[in-house]
Amino acid sequence: MLDIKFIKENKDLVKEAARKKHIDFDVEELLKIDDERLEILASVEDLRNQQNQFSDLITSITDENERKQKIIEMKLIKDKLQDGEEKLREVMQKWQMQMLFVPNVPDVSVPDGESDEDNKEIRVWGEKPNFDFEPRDHVDLMVNLKMVDFERGIKVHGFRGYFLTGDGVRLCFAIWNYALEFFSQKGFNPVIPPMLARSSVCMGTGYLPQGEDDLYKTQDGDYLVGTSEVPLMGMHMNEVIEKSDLPIKYLGFSPCYRREAGSHSKDTKGLIRVHEFYKFEQLVLCEANHEVSVSTHNELNRNTEEFIESLNIPYHTVINCGSDLGLGQVKKYDVELWVPKELKYREISSASYFHDFQTRRLNIRYRDEAGKLQYAHSLNSTAIPTPRILVSLVENFQQADGSIKVPEVLQKYLPDGKAGLGKDFIR
RNA sequence: GGAAACGUGGCUGAGUGGUUGAAGGCACCGCUCUCGAAAAGCGGCAUCGGGGCAACCCGAUCGAGGGUUCAAAUCCCUCCGUUUCCGCCA
């Protein structure tokens, strides 16, 4: 949510934001509703004022007849007031709905574009493997090594279902243990949050009202959310944070649930797109300062890049173009890992910042040096998602015989410190 | 599943029909005092709308919405939220 004052004073910026993000939003319509709202508000407040003055007057009148006369006059005001309040309610409802759809203004460094094809590559790292054999895809490799079972996954869950089994599980635990250590060292406090969240929290983070189709909903009206960003942001909803506690840095670890509505024909095979997965997530609340947000954003993204570099998986980083940005995001980087069999990069991480878009909706504030309350800034970035990371990992580290070498940093987290999976890899 | 209580500013907490935008306390900010800090004293300290260059002034707002009443933070209803008790399950 943006400040209505900001929207009024910068309506061209907001218009441009909607255009750049390819979001259908009519700023003029909102401003019209806002004018209407203020006009009705003014008249209602005026009537209330009259009512209050009458009220004061009536208490001071001792003459019974005069008093009765005034009470009759006041009834007239009351009728007008009720009429005005009715109108105010209607316009407020429209206004609040519209306000939820105002796009946040993207940074100038965000490229224009229609789709992820227009994302701008800003960094390329690592050497793509040159196999002297025909490489296999991750489904082949992992099924062969009994690291995953899709057939039974579908039997139990249905489309996009999977079981991780055996070394698939061990490899995930190795990644999780390593990630926990890696990001803890960067100053992130680990949190396992509830992934069942109220609608107010989903609303506050910007996943509702527009993203409802992508969320699983319970019969109690709660949502099974797609990222720990939601509960981690909700954690400080309606709170005033001590400035000395900022920045707050959380490392969320949670299962993630995504309906993937509208992606029915995409990535139908394998572990790229699943309904249920696990993710480490970096989340930061910091002071309301653009420079701090920007440098923190770079830092979060860099953390993920460093993590991938330590695994020695080739990747590139892109700045997402306007149309690839969500409603609230100011700027977003995606880190994409090389997938040899597909001969392309696949997204593994998204780092974004929001200014006070989310904290305004969630009412997360802090007291600044002058003692004034300010909305904090919020940012988040994937640390590492599993099992998606396994796609690139196993494909890049596959051997001619179908076994898989394991990145060195992970080896100590595997049973017996194994150097690989699928054959005699014991050190 | 059944029953009850509660929801006031950053926090705590008074207020149960009309001089309450809201006592008292804490926190926070400024000043005085101090070599400095603490303590103490003084002052300030909610949001929204309108007016003014400004200090400031005016108005509205006590979880949300509806109702009763000339008048609601205060009474009634609905919803949302919190807590407690009973039951059930682990």
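Refer to the structure above for everything that follows.
As a starting point, this report considers the structure included with it. Model, not experiment: these values are computed from the prediction.

Bringing the pattern of salt bridges into the picture now. Summed over all chains, the structure comprises 29 salt bridges. Measuring nitrogen to oxygen at the nearest pair gives 2.7 Å for the salt bridge that ties Glu369 to Lys243. One end of the pair, Glu369, is in the loop between strand S14 (364-367) and strand S15 (373-375); the other, Lys243, is in the loop between strand S8 (239-241) and strand S9 (248-257), with 126 residues separating them in the sequence. Lys243 sits in the partly exposed class, given a relative accessible area of 22%. A salt bridge links Arg346 to Glu342; the nearest nitrogen and oxygen atoms lie 2.9 Å apart. On the basis of relative accessibility, which here comes to 33%, the residue Glu342 falls in the partly exposed class. Taken together, the salt bridges that share partners define one network made up of Arg123, Lys186, Arg302, Glu305, Glu306 and Glu309.

Here we come to the sheet that holds S14. With mixed pairing, the 3 strands of this open sheet are ordered in space as S8-S14-S15. Across the chains shown, the open sheet's two edge strands, defined by having one partner strand only, are S8 and S15. On average, adjacent strands in this sheet sit at an angle of 40° to one another, irrespective of strand direction. As paired elements, S14 and S15 share 3 bridges and run antiparallel to each other. Bridged to Tyr366 within S15 is Gln374.

Calculation notes
- Residues numbered from 1 in each chain as written.
- Chains lettered and ligands numbered in written order.
- Predicted model: local features only at pLDDT ≥ 70, side-chain atom pairs only at ≥ 80, totals over all residues.
- Heavy atoms only, no water.
- Salt bridge = Lys/Arg side-chain N within 4 Å of Asp/Glu carboxyl O.
- Helix = DSSP H or I, 4+ residues; strand = E, 2+ residues; numbered from the N terminus.
- Buried < 20%, exposed > 50% of the residue type's maximum accessible area, 1.4 Å probe, protein only.
- Pairing = 2+ DSSP bridges.
- Axes fitted to C-alpha atoms, helices over the stretch in contact; angles between N-to-C directions.

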